[in-house]
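Results of the structural survey
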Amino acid sequence: MQNQLRNILENAREDISKAASKEEIEKLRVEILGKKGRLTALLRSMGSLPAEERPVVGKIANEVRESIEEMIAQAGEKLKAAEIQLRQKAEAIDVTIPGTPRSLGARHPISVTIDEISKIFMSMGFSVVDGPEVETVFYNFDALNAPKNHPSRDLTDTFYIKDAKDVLLRTQTSPVQVRTLLSQELPIKVISPGRCFRCDTPDATHSPMFHQVEGLVVDKGITMADLKGTLDAFVKQLFGSSTKTKLRPHHFPFTEPSAEVDVSCFKCGGKGCSVCKGSGWIEILGAGLVHPHVLEVGGVDTDVYSGFAFGMGVERVAMLKYEVDDIRLFYENDMRFIEQFR
Amino acid sequence: MLVPISWLNDYVDLKDIDLKEFCDKMVMSGSNIEETYQVGKGIKGVVVGKILSMEKHPDADHLSVVKVDVGSRTLQIITGAPNVKKDALVAVILSGETLPDGKKIEKGMLRGLESDGMLCSFQELGYEDKVVPVADKDGIILLGEDYPLGQELSQALDTCQDVVDFEITPNRPDCLCMTGMAREAAAVFERTLSLPRPVIQREEGDVKDYVSVEIKRPELCSRYVARVVRDVKVERSPWWMQNRLICAGMRPINNIVDITNYVMLELGTPIHAFDLGMVKGSRIIVDVAKEGEAFTTLDGAERTLDEKSLLINDTQRGIALAGIMGGLNSEIEQDTAAILVEAACFDPDGTRRTSKKLGLRTEASARFEKGVDPNLCRLAADRVCQLIEELGAGIVVGGAVDVYPREYQAPTVAIRPGRISDLLGVALSGEEITGILTRLGMKVTSQKQTLLVTPPTVRMDLPQEVDYVEEVARIYGYDRLPATLPKGSNAGVKTQQREREDLIRDTLLALGLNEIQTYSFVSPKGVDKILCPPSCPERGFVRLINPLGEENSVMRTTLIPNMLEVLERNYTRNIPQAEAFELGRVFLNDIKTEEGLPAEPKKVCIGMYGAKEDFYALKGVCEGLFKELRILDVEFVQETENKTFHPGRCAVMKKGERVLGTLGEISIGAAEQYNLPQRVYVCEMDVNALSELADLEIRYKAIPKYPAIQRDIAVVVADQVQAGQVEGLIRSHGGPLLERVSLFDVYKGKQVQEGCKSLAFSLVYRNPEKTLTDGEISEDHQRILKALEEDLGATLRDM
């Protein structure tokens, strides 16, 4: 009987190794291990053995069964692996064909720039406020200490509204300063991005509509040094940490002292190039301490409080940063232009 | 303001400071510089020559053959200059030399005769046409003084001059002259300022015997100084004066005019000189003109004045437009025998008004508009007389008529060194501040905690303490101030409105749309093009008084026309597909804010065209946006009356009764107004409504524990029955277990009868408390099918 078991094992080994498909293996399994299989039949006849032989033969018979089961399993796995390999080979594709398009839309470069500027100032504690674009002469000029005869008030410079007394399209975002002073509690720390309008015929560097970002801080003990530090921190974030700031004295009606702010050229680092027109510096901001007349209009006690304000042209920053050479491109909205500002 | 450095050195000694250092420090003290350049640069190989003889060229009428002595030799030169004459001293460029513009002069033959060198004009030597002396303007240079023959012209005329072009801000009219800039330079470089102190050697007679002055409108003319010069000789000014005028951007004319211009540039006070012989009645009357009065200015133009225009009159007529331009009737001529020198001070606003009204801006009016110090008038008149004497241009009559009813005194302002330090963020002592202000020519006295400061009268821009903060800061140096950050640590926030606008923009970007930005002012025709009816709210325009053109004459009331223009532009540029949005303000004249200003609500407009676009692509974008804003149950109601849109492909979006906006395909009629493909899909929504309805508060809901049962049904309905109706009916009859209804197929074709369509819905039932059985939902399901059949005449189709 032991010999018979050995024969079954040897035959099975040979048959299984020759099997070429899952089906053949399954057939062998049934033939050997199935209810009517060879091994099953042999084991059924074990009852005829002497009682003392039974444990020994039983043990061998179990070993044979386990061996065969293992052989079948291994063969099955081998065959499956081969099949998978074959199938995957057949399913190979051309990976160089372009993917199915899924993309974000592109933000307008003016929005990109405003968002970036806003993000920097918000991280420095500035809140974002808004004001109307159709403004009064009071907020746009009078309250900002603009001289009554200032040329910027002329019809040749400022758009005025029909059938309304002293109403105009704001020429700057500065009126929001006064609105904020009148509507908010002190201290104030805000920026206000938005559209402005001036009577400029469009050309490569002029647009009758443009954007500014205004900034205003009013608190006890605000100094010119604070203005300097704030703008310095801002330009370092906007243009890179090695950017330097230079404040030059200038004149604006609504600030005193006033400054124009240059940054070291972020393209050439200050050596002089086409972007900075060889000077190494680029003017990007107007700023100063808020003129007491403006604070007074806003009901602020100028002996206790002081403040600084600044304003910058968004188009100018965007043109410098992205080297856009024609401001009109911003308002043509050619998709091939906009899609470059993702 | 053009400042020749050599001229500036007359008043402040800067010879040891190089140009770059000068410019850098002037800029950092507030005198910004537009540019620096050299006048008369690159003149080389040009020498002084004398015309020995001249003859007509035998073969050319307009050419002359001249023999020119250039010191070492005599050259034959062929010239076409009309003003060449024998014995004249001229500028000769030698053969082989190069003109400043790079043109090389070669010895050569001209119409058969040798020409060795060239006689030069100022223009050929690189001078701007507008500054070339009148005498030399139309020909070659004729030198007015003696120079050694053969001397380099650059040496003879001291041509190469550094000129700095300063940008003068409107608050600093005192800097519109050499002495003004010298005062700044003296403060910056801590040098002594020396101003002209005119002394006239010989005066004859008394001015009172020649002229009297009356100011009838003292509010428009605060001072009038008149001096008289007789035995006048009108001729060319000496070269040194012409050279300075040229470098400062003015054309030399004759000695009298040049001197008045010179003194204006030197002191900042405009001067006018009248031909005294033409001043009728020997009397000057300063008064306004009569309404409609005609007056011819010395540029030959006849101008119509009004009763606000200030006029200088004699006893019979106007003779000068005060502070703007003289009259032709009293102009200095070659034969003028005596002149009246006027140094006056006219009102800035009045001058500006008249100058603007007449469209006549001059060097004089530009200065009066900004304000001129009346205290300079006498000095300026004296300085003119001194220069006339010095140049031998006439005999000065003694004394001056000086009508000056109220002397201007500079206000003394009390300033607090402590406050200045507090505002600048740097501790400055009273002594330091006094030092800085003294350098600027101010008188400073100390009084307890304050300083009393009186500026020079030319500084009319310093009425209060804060003005001195700037004076101190700019001379101290902005670059020396520390850089600090304001104290306080509040976080920056955005308004909820802005947060939501950002969310709308971000969502539309995430849905693949590009953002555009268009002009806020538009053509009123835009609403015609999109076929808005005659009396729609979109026609309630905010209109501009002074637009750049009709195409920018009203504020937009809708973003749709701009969107269509942008799509049109892209389409005509052969961009096959575009998906875009704009979020921006519209302006409604008929709705006013509390302050009475037009309302400026924000809208968001979406526009798309291209092969893959259709109504549902646009609707999908809208639905994506609603999903992100968590605005649930938005209804799309068919809209057939809006002419902008295709009547069969347009819907109004509503949440309850609130209208969110309209979407659809642009109507054929509207699309034809633009160069657009026919299928363009546009949507405009109200940003306020979106942001108010947005529900951004997130509350967690448990994920269902028990399985759902899904039943798919297909119903055949008439074509005119909308899917939305069917869905609504299913929902309203579904009972509480019906969790979700979704349309997954619309079919028309062979298996469905003509005029009908098959709509396939998937219905999901769930009980959140337990596992559902088929039996539990069969009643609900049957109720739905019955309702569909009874209410819509639907028949069930086998799936």
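What you see is a predicted model, and the numbers here were worked out from it, not measured in a lab. (Residues numbered from 1 in each chain as written. Chains lettered and ligands numbered in written order. Predicted model: local features only at pLDDT ≥ 70, side-chain atom pairs only at ≥ 80, totals over all residues. Heavy atoms only, no water.)

Quick notes on the overall build of chain A
Defined as follows: Strands here mean DSSP runs of E at least two residues long; helices mean DSSP runs of H or I at least four residues long; both are numbered from the N terminus. The globule rule used for comparison is 2.2 Å times the number of residues to the exponent 0.38, while the radius of gyration itself is calculated over C-alpha atoms. The cut-offs for exposure are 20% and 50% of the maximum accessible area for each residue type, with area from a 1.4 Å probe on protein chains only; residues under the lower value are buried, those over the upper are exposed, and the others partly exposed. Residue contacts follow a heavy-atom distance rule, with two residues in contact if any of their heavy atoms lie within 4.5 Å. All accessibility values rest on the Shrake-Rupley procedure with a 1.4 Å probe; residue burial counts only the protein chains present in the view. In this charge count, Lys and Arg are treated as positive and Asp and Glu as negative; neither His nor the chain ends contribute. All charge positions are set by atom: Lys at NZ, Arg at CZ, Asp at CG, Glu at CD.
The helix and strand tally for chain A stands at 12 helices and nine strands. Taking 2.2 N^0.38 as the reference for a compact globule, 342 residues should give roughly 20 Å; the C-alpha atoms of chain A span a radius of gyration of 42 Å, well beyond that estimate. Within the span of chain A, comprising 342 residues, buried residues form 54% of the whole. A separation of at least 24 residues holds for 67% of the contacts in chain A among residues at least 6 apart in sequence. Approximately 16300 Å² of chain A is accessible, and the part contributed by carbon and sulfur atoms is 52%. Once the 43 positive and 48 negative side-chain charges of chain A are each reduced to a mean point, those two points are 7 Å apart.

Side note on the nonpolar core
Stated formally: Joining through side-chain atoms within 4.5 Å is the link that ties buried Ala, Val, Leu, Ile, Met, Phe, Trp, Tyr and Cys residues into a set, and such a set is a nonpolar core.
With 180 residues, the main nonpolar core has Phe310(A), Phe22(B), Leu424(B) and Leu564(B) as its most contacted residues. Residues contacting Phe22(B), with those up to four places away along its chain left out, are Ile5(B), Leu8(B), Leu14(B), Ile17(B), Val164(B), Phe166(B), Ala185(B) and Phe189(B). Core analysis: the second largest hydrophobic core is formed by 29 residues, Leu583(B), Leu629(B), Ile631(B) and Val634(B) among them.

Considering the sheet that holds strand E36 (residues 645–655) of chain B
All names here are of chain B. Operational definition: Being paired, for any two strands, means DSSP has found at least two bridges between them. For helices, the axis comes from a line fit to the C-alpha atoms of the stretch in contact; other axes are also lines fit to C-alpha atoms, and the angle between any two N-to-C directions lies between 0 and 180 degrees.
Taken in spatial order, the seven strands line up as E28-E31-E34-E38-E37-E36-E35 in an open sheet, and their pairing is mixed. Of all strands in the sheet, those with a lone pairing partner are strand E28 (514–515) and strand E35 (635–638), marking the two edges. Alignment of strand E37 (residues 658–666) against strand E38 (residues 681–686), held across five bridges, turns out to be antiparallel. Considered in E38, the bridge of Leu663 is made with Cys683. Its contacts with the sheet place helix H13 (residues 496–510) against E28, strand E31 (578–585) and strand E34 (602–609), and it is angled at close to 175° to E31. Lying over the sheet, helix H16 (residues 615–629) contacts E34, E35, E36, E37 and E38, oriented at roughly 25° with respect to E38.

Observations regarding the sheet that holds strand E21 (residues 325–326) of chain B
Residue and element names in this part refer to chain B. Pairing is mixed across the open sheet formed by five strands, whose spatial order is E13-E16-E19-E20-E21. Edge positions in the open sheet fall to strand E13 (212–215) and E21, since each of these has one partner strand only. The pairing of strand E19 (residues 310–313) with strand E20 (residues 318–321) spans three bridges and is classified as antiparallel. What sits directly across from Leu311, in E20, is Leu321.

So, the environment of Val752(B)
All names here are of chain B. Note on placement: Val752 falls in the loop between strand E40 (738–747) and strand E41 (756–765). Here the alpha-carbon distance between Val752 and Val527, two residues 225 residues apart in the chain, equals 44 Å. Sequence-distant contacts of Val752, defined by excluding residues within four places in its chain, comprise Val716, Tyr747, Lys757, Ser758 and Arg797.

What about the domain arrangement of chain B?
Quick note on the threshold: All the domain ranges listed were derived from an automatic or database domain assignment.
According to the domain assignment, chain B contains domain 1 (2–40 + 162–189), domain 2 (46–159), domain 3 (203–403), domain 4 (413–476), domain 5 (496–693) and domain 6 (709–797). Summarising the inter-unit geometry, the C-alpha centres of domain 4 of chain B and domain 5 of chain B are found 57 Å apart.

A look at the pattern of salt bridges
In plain terms, the rule: Definition used for salt bridges: Asp or Glu carboxyl oxygen within 4 Å of a side-chain nitrogen of Lys or Arg.
Enumeration according to the criterion identifies 86 salt bridges over all chains in this entry. When the shortest N-O distance is used, the salt bridge between Asp130(A) and Arg585(B) registers 4.0 Å. Placement of Asp130(A) in the loop between strand E1 (127–128) and strand E2 (134–136) and of Arg585(B) in strand E31 is noted, with the two residues assigned to different chains. By relative accessible area, which is 11% here, Arg585(B) ends up buried.

A closer look at the interface of chain B and chain A
Definition in use: A quick way to say it: buried area is the sum, across both parts, of accessible area lost when two parts are put together, with a 1.4 Å probe. A 3.5 Å cut-off defines polar contacts: any pair of N or O atoms within that distance qualifies, except that in protein one atom must be a possible hydrogen donor and the other a possible acceptor, and neighbouring residues in sequence count only when both atoms are side-chain atoms. Classification convention: Asp, Glu, Lys, Arg as charged; Ala, Val, Leu, Ile, Met, Phe, Trp, Tyr, Cys, Pro as nonpolar; all other residues, Gly among them, as polar.
With 79 residues of chain B at the interface, the matching set in chain A holds 87 residues. Summing both partners gives a buried area of about 6900 Å² for chain B against chain A, and 53% of it is carried by carbon and sulfur. Inspection of the chain B/chain A interface yields 12 salt bridges. Residue Glu595(B) pairs with Arg179(A) through a salt bridge whose shortest N-O separation is 2.8 Å. Joining chain B to chain A, the criterion identifies 53 residue pairs in polar contact (both at pLDDT 80 or more). Sorting the residues of the side of chain B that touches chain A by element identifies helix H2 (19–28), helix H7 (348–358), helix H10 (417–424), helix H12 (465–476), H13, E28, helix H15 (560–572) and E31 of chain B as the ones contributing at least two each. When the residues that make up the side of chain B that touches chain A are grouped by side-chain class, the tally is 35 nonpolar, 18 polar and 26 charged.

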